[in-house]
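# Structure assessment
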Amino acid sequence: MSGKLVALIPARGGSKRLPGKNIRPFFGHPMLAYAIAAATNSGLFEHIIVSTDDPVTGRIAEWYGAEYLPRPPELATDEATLIGVALHVLDTLKTRGVEIEALCQLMPNCPLRRSDDITAHYKEFTEGDHAFQISVVPYRGVYPHWALTPDEKHTGKWLFGSEYLVNSQQLGAPVCPTGAIWWVKAANFIEQKAFYGKPFFTAEMDANRGLDIDDADEFAFGDILVRGLTDRDGVSPLEKVAAAPFPAEGGIVAKPQNKRKPTAMRGLSGRVALVTGGTGLIGGAIARRLAEEGTRVVVTSRDVAKAEHWIAEQDCDLQPCLSALSLDLGSEQSIADALAQLKKTVGTPTILIANASLRDGLGKPFDEITHESFTNLYNVDLGGHFILARELVKQLGPQAVANIVFLSSIYAVNGVDYQIYPEGMLGTPPQYSAAKSAALALTRHLAARWGNQGVRVNAVIAGGVRSAQRQPEQFLANYNRKTMLGRMAQPDEVASAVTFLASDEASYITGECLVVDGGLSAW
């Protein structure tokens, strides 16, 4: 085809079976975002248009790079049809002097459809010279021929007659239409005013990719399906979305499944926070706690796919506040690239949580620790965070107002008590203790240097934290006896202390090292 192609994504605001369906958070983005990304990444379309009666959906569409076309009142009712919506889009483009040869309708509730599905179906559409082409998927384990229509007394009646009561192998391989990808030639569509025009052709696609989500059960199944495919294949089946997640300010995205905790700390809602190592035990708890306060949280990892997968595991009401960023603290170029990307997308963060710590080489016995493994940890934990903090403050400018919190350890101020470690369990390595101790000196140095320009720098000295991974019972018993509270910390308890220091509740606190250890160091 030599003419222009348009992608139409119809996204009405109202949905009876699944409220807010089209903009419901789904693995880090509103569901609508995946349709826009698939259309964009296909490279086929002159225009990608989201037709909606809902201004919030329209703003989300524009955020992800689509054109927002408001619907007239007559197309914003329960009786409005997809045909009417498509005719309105084509007529609007014509009044703008844009002649369209073919239209591709992509329903936003098919989030597993990929850009390569669109291009494959377009190839079938053009090579077959089809005027109407509908995407279909195989039936999953059921045969429509055996459908029953029981009455109020539960008396069964065969919908298609008893002649289909034969062995399943004799029934062939029936397919079912899915709203994933519908292609039509514009002239034929206008003439027949139908997607199932005469004649219409089918284009089969993978049943998983063609999933339609229309109710809560199907949404839950979609969630399970994405997680299962990710575990099986080692990569998410969802289309890659280039844009950062849409901001969740003012409840702009879909209503959450779980009500967010009320904002409790001043000065956090609406700000951007960068949490290094944000997928770990403590970093993850900090990211969640800040997101609960309405903060836009960017979690970093050397493996951005790991960060994206972590975000996908979080509660759907928090996912719109979370985004992933690739960052290697051992590389100044990576730090520069990350800050440049942040400036273009969400803006320069005004909260930095320096939490990441290099784990490579920490599992070696004391006598096998090398100079390289010792200095590598210093280069990342100290050098990397120093460069990151300096360049971030520099990017904010001379009147920067920012809060920086370093994560340290009780072993920065206390010697390692080797008596609590049972035989065969390695204790905390010396390079870790030394780096965490140096982080306290760096905290005070930066607080003194930047205090006059409105940058606060503090540290949290965390005691032992209870992990979901099994810790030896003897170790736990020994450690617990060392604390006044008789137990290890929960990750959320450390996160709350960090969140406090990052908030305006701590506006007159800087250069401090807050100990959160259950009284271990206070005996």
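Preceding this paragraph is the structure being described.
Nothing here was measured: the structure is a model prediction, and the numbers come from that model. (Residues numbered from 1 in each chain as written. Predicted model: local features only at pLDDT ≥ 70, side-chain atom pairs only at ≥ 80, totals over all residues. Heavy atoms only, no water.)

Let's shift gears to the pairing of strand E1 (residues 4-10). Extensive coverage of E1 is indicated by the burial of 6 of its 7 residues. Across 5 bridges, the pairing between E1 and strand E6 (residues 100-105) is parallel. Paired with Val6 across the two strands is Leu103, which belongs to E6. Sheet topology places E1 next to strand E4 (residues 47-52); 5 bridges connect them, and they run parallel. Residue Leu8 lies in a different strand from E4, and its bridge partner there is Ile49. (Buried < 20%, exposed > 50% of the residue type's maximum accessible area, 1.4 Å probe, protein only. Helix = DSSP H or I, 4+ residues; strand = E, 2+ residues; numbered from the N terminus. Pairing = 2+ DSSP bridges.)

Let's shift gears to the sheet that holds E6. Within the open sheet, the 7 strands sit side by side as E5-E4-E1-E6-E8-E7-E9. Their pairing is mixed. On the outer flanks of this sheet lie strand E5 (67-70) and strand E9 (201-204), each paired with one strand and no other. Each strand axis lies, on average, 30 degrees off the axis of its neighbour in the sheet, ignoring direction. Pairing of E6 with strand E8 (residues 175-185), which is carried by 4 bridges, proceeds in the antiparallel orientation. Bridging from a neighbouring strand, Ala102 pairs with Lys185 of E8. Packed on one face of the sheet, helix H4 (residues 115-127) meets E1, E6, strand E7 (132-138), E8 and E9 and runs near 65 degrees to E8. (Axes fitted to C-alpha atoms, helices over the stretch in contact; angles between N-to-C directions. Contact = heavy atoms within 4.5 Å.)

Now for helix H1 (residues 31-42). Buried residues dominate H1, accounting for 10 of its 12 residues. The set of residues buried in H1 consists of Met31, Leu32, Ala33, Tyr34, Ala35, Ile36, Ala37, Ala38, Ala39 and Ser42. Buried-residue contacts for H1 involve E1, strand E2 (25-26), strand E3 (29-30), E4, helix H2 (55-63) and H4. With its phi angle positive at about 70 degrees, Gly43 sits one or two positions after the end of H1.

Glancing now at the state of the cysteines. Applying the stated criterion across every chain yields a total of 0 disulfides. With no disulfide partner, Cys176 has as its closest neighbouring cysteine sulfur the one in Cys110, 11 Å distant. Using a relative accessible area of 25% as the deciding quantity, one classes Cys176 as partly exposed. (Disulfide = S-S within 2.5 Å.)

For the rest of this paragraph, the subject is helix H8 (residues 304-312). By the burial criterion, the buried members of H8 are Ala307, Trp310, Ile311 and Ala312. Among the residues of H8, the N-terminal cap falls to Asp303, whose side-chain oxygen and the backbone nitrogen of Ala305 are separated by 3.2 Å. (Polar contact = N/O pair within 3.5 Å; in protein donor to acceptor, adjacent residues only side chain to side chain.)

Now for the pairing of E7. With 6 of 7 residues buried, E7 lies mostly within the body of the structure. Summarising the sheet, E7 and E8 pair through 6 bridges and their orientation is antiparallel. The residue bridging Gln133 from the neighbouring strand is Trp183, located in E8. Judged from the 4 bridges that link them, E7 and E9 form a sheet pairing that is parallel.

Reading across from one edge, E12-E11-E10-E13-E14-E15-E16 is the order of the 7 strands in this open sheet, with parallel pairing throughout. Looking at the sheet topology across the chains shown, the edges are occupied by strand E12 (322-326) and strand E16 (513-516). Averaged over all neighbouring strand pairs, the angle between strand axes comes to 20 degrees, with direction disregarded. Pairing of strand E15 (residues 455-462) with E16 involves 4 bridges; the strand directions are parallel. The residue bridging Ala462 from the neighbouring strand is Val516, located in E16.

Moving on: the side chain of Arg271. Its location among the elements puts Arg271 in the loop between helix H6 (216-233) and strand E10 (272-275). Among the polar contacts made by the side chain of Arg271, one reaches the main-chain carbonyl oxygen of Gly267 at a distance of 3.0 Å. When neighbours within four sequence positions are excluded, Arg271 is seen to be in contact with Thr295, Arg296, Thr350, Ile351, Val401, Ala402, Asn403, Ala502 and Asp504.

Of all hydrophobic cores here, the largest spans 50 residues; its most connected members are Phe26, Phe45 and Trp183. Going through the elements one at a time, E1, H1, E4, H2, E6, H4, E8 and H6 are the ones with two or more residues in this core. If you tally residues by element for this core, the top one is H1, at 9 residues. Counting 48 residues, the second-largest nonpolar core is a separate cluster that includes Val346, Leu358, Ala402 and Tyr421. (Core = buried A, V, L, I, M, F, W, Y, C linked by side-chain atoms within 4.5 Å.)

Running from N to C, helix H7 (residues 281-292) and helix H13 (residues 491-502) point in directions that differ by 55 degrees, and their axes come no closer than 8 Å. Relative to H13, H7 is oriented oblique. In the crossing of H7 with H13, the sense of the turn from one axis to the other is right-handed. In contact with Leu281, Ile282, Ala285, Ile286, Arg289 and Leu290 of H7, H13 contributes Pro491, Asp492, Val494, Ala495, Ser496, Val498 and Thr499. Residues of the contact of H7 with H13, tallied by class, amount to 9 nonpolar, 2 polar and 2 charged. (Parallel < 35°, antiparallel > 145°, perpendicular 65-115°, else oblique. Left-handed = near helix turned anticlockwise from the far one by under 90°. Nonpolar A, V, L, I, M, F, W, Y, C, P; charged D, E, K, R; others polar.)

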